[in-house]
Amino acid sequence: MIKHKYIFLIISILFFQNHNLAQNTSEIRINSVTQNGNKINVNYNIESKWYIENNATLYAKKRGSSNWEGPLSSLSGNIYKNIKRGTNNVVWNVTNDREEFTGQWVFGIDNTMTIKKNIKNLKITCGLSSLAGLAIGAYGFLKSEDYYNQYQNATLNASQLRQDATKMTTVGIAGAALGSILFIETSILGRKIRKVKRTL
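Residues numbered from 1 in each chain as written. Predicted model: local features only at pLDDT ≥ 70, side-chain atom pairs only at ≥ 80, totals over all residues. Heavy atoms only, no water.

## Some words on a nonpolar patch on the surface
A contiguous nonpolar patch, built from Ile124, Leu128, Leu131 and Leu134 and spanning about 380 Å² of accessible area, is present on the exposed surface. Checked against the element boundaries, Leu131 lands in helix H2 (residues 117-153). (Patch = residues over 30% accessible without salt bridge, like charges linked within 9 Å, V, L, I, M, F, W, Y side chains within 5 Å. Areas by Shrake-Rupley, 256 points an atom, 1.4 Å probe, with all protein chains shown as cover. Salt bridge = Lys/Arg side-chain N within 4 Å of Asp/Glu carboxyl O. Helix = DSSP H or I, 4+ residues; strand = E, 2+ residues; numbered from the N terminus.)

## Overview of the packing of aromatic side chains
Scanning the model with the defined rule gives one aromatic pair in all. An angle of 70 degrees between the planes, with centres 6.1 Å apart, marks the rings of Trp92 and Phe107 as edge-to-face. Linking Trp92 in strand S6 (residues 86-93) with Phe107 in strand S7 (residues 104-115), this pair joins segments that are 15 residues apart in sequence. Each member of the pair, Trp92 as well as Phe107, is classed as buried. (Phe/Tyr/Trp six-rings, centres within 6.5 Å; stacked < 30°, edge-to-face > 60°. Buried < 20%, exposed > 50% of the residue type's maximum accessible area, 1.4 Å probe, protein only.)

## Some remarks on the pairing of strand S4 (residues 52-62)
Summarising burial for S4: eight of the 11 residues are buried, a large majority. Judged from the 11 bridges that link them, S4 and S7 form a sheet pairing that is antiparallel. For Leu58, the partnering residue across the bridge sits in S7 and is Ile109. (Pairing = 2+ DSSP bridges.)

## Focus: the confidence of the model for the protein
Considering every residue of the protein, the mean pLDDT works out to 77; 80% of them sit at 70 or more. The low-confidence segment residues 1-24 (pLDDT under 50) makes 71 contacts with residues lying over four places distant or belonging to another chain. (pLDDT = per-residue confidence, 0-100. Contact = heavy atoms within 4.5 Å.)

## Considerations on the side chain of Asn78
Structurally, Asn78 is set in the loop between strand S5 (75-77) and S6. Residue classification places Asn78 among the buried residues on the basis of a relative accessible area of 16%. Contact partners of Asn78, with chain neighbours within four places excluded, come to Tyr44, Ile83, Lys84, Asn88, Asn89 and Val90.

So, in structure tokens, the structure goes:
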């Protein structure tokens, strides 16, 4: 039977693959690294923009060495794409990968960022909704003007036409406002996505 050896002292640090982008888009901080039998638990925190998908991998190296080992396998928990914003935990089952693991080691997390797949669909949806809102607004204003012109020449149903004109003006204002807001949000989202893509 193989006798496994484990680490007794762990030093944790943080490193990025995309460190320049990470300052603005995603930030990872290792909170603690602990040993539980033959398993290493790495607790870390990740803060990223809502439209970013994080793909993290775990590395380790001997203290003082410049060579990282990994990405490590036999991992479970919040790792690879199974990552949420906030606190995450990844567990490394050491004995599945190696027979000996002694001395002082450093752990690091490498994070590859991509734009979430559903963001493109969201952008298209916002764009179409913006056009629909503007179209409804334009229709409301046109109908309001039509009702108002009828109201000026009406004798029997003048009161109803006046009410209809007011209602359609309200519809026009609401549609135009909604369409404008969605147009602005779509433009902002588009700029953010282009900015991130340039730096990925």
